[in-house]
Structure formats: structure tokens, C-alpha cells
Amino acid sequence: MKHLLPTEAWAWLQAHTAQRSDQGLEPPLFVDVRMEIESLYVGRPPGVENIPWYEYPDLSPDAERFAAAVEKEAASRARPILLICRSGKRTLDAGAALETAGFTEVAHVVHGFEGDLDEGFHRSKLNGWRFEGLPWEQM
């Protein structure tokens, strides 16, 4: 699994999209593994597909279910996958599950969408997708 800082992930996504377009291939699949409510109300990068690593009320990951859902959306285990979550931790487990399931090109966004907590327990003040000023939208 590739570990990409937010700005690296954005550049990787753009470069792979252009390269694959030139080859007549689908662009990378950008997957938000947060619960749907997090993705909608906290915000998310545009064009991201929400496929939760776990969902309320169970809050228990199911690696096989997750990999099957990503494969259904991707249509191929060879399609590049970029994962994002709140802080970059869930994506480590989700990415490992995809690699175990046979996905060949998996990357994740280090620090995720909101980033690490600061000394006042606030996010988006130290690092993360939103902190870096990358494109995002909110419901």
C-alpha cells in the first residue's frame, strides 16, 4: 500500500486519472471509508465514493464485505484504489483488507480528511486533506 500525504494523493489522483484516460481506462476509484453520516456532514473530496469500512450501529469492520463492495464499484481488482478516512487510520486496515483480497494498486491518504488532533483536541488544524486546502464539499 502506498502512503501518500494529502497533496501527494491529490497529485497521484490527477496524474493517474490523466494517464488512464489516455489509455482508455477507468480513472482510479477514490473511496471514503468513513460512515456515510461522517462523509456527508463533515465534508469529503468531490467525486469520492462512500464505501464504509464499518457503519452504525454495528461499528464492526467486515473485511470481506468491504472488499466485495469495492470490487463491485471498481469492476476490477487491477483498478487503482485511493482510500481516505478521518485521520488515516481506518484506511490502513481497509487497505490491508483490499490487498488480502487481491487488489494490486492500493494507496491511502496519510492524515485523512480531517487530520490529527491538536493540543485542544481539534482536527483540521495540523494536517489532513481539508487543512491542505484541497477540494472538498459538504452537504
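These numbers come from a predicted model, not from an experiment. (Residues numbered from 1 in each chain as written. Predicted model: local features only at pLDDT ≥ 70, side-chain atom pairs only at ≥ 80, totals over all residues. Heavy atoms only, no water.)

Caption draft 1: Representation of the pairing of strand 2 (residues 29–32) within the structure. Burial along strand 2 is two-sided: the face carrying L29 and V31 and the face carrying F30 and D32 are both buried. As judged from the four bridges shared by strand 2 and strand 4 (residues 81–84), these two strands associate in the parallel manner. When the bridges of strand 4 are listed, F30 appears paired with L82. Handedness of the crossover is the feature at issue here: the chain leaves strand 2, passes through helix 2 (residues 36–42), returns alongside strand 3 (residues 49–50), and the resulting connection is right-handed. (Buried < 20%, exposed > 50% of the residue type's maximum accessible area, 1.4 Å probe, protein only. Helix = DSSP H or I, 4+ residues; strand = E, 2+ residues; numbered from the N terminus. Pairing = 2+ DSSP bridges. Right-handed = clockwise from strand over helix to strand, strands pointing away.)

Caption draft 2: How the structure looks around the pattern of salt bridges. Following the criterion strictly, the structure yields eight salt bridges and no others. Put simply, E38 and R90 hold a salt bridge, and the shortest N to O gap is 2.9 Å. Taken as a pair, E38 in helix 2 and R90 in helix 4 (residues 90–100) lie far apart in primary sequence, 52 residues in all. For the pair formed by E38 and R90, the shared burial category is buried. (Salt bridge = Lys/Arg side-chain N within 4 Å of Asp/Glu carboxyl O.)

Caption draft 3: Molecular detail of the sheet that holds strand 4. One open sheet accounts for five strands, arranged 1-5-4-2-3; its pairing is parallel. The strands lining the two open edges of the sheet, one partner per strand, are strand 1 (2–4) and strand 3. The pairing of strand 4 with strand 5 (residues 106–109) spans three bridges and is classified as parallel. By the bridge assignment, L83 is partnered in strand 5 with H108.

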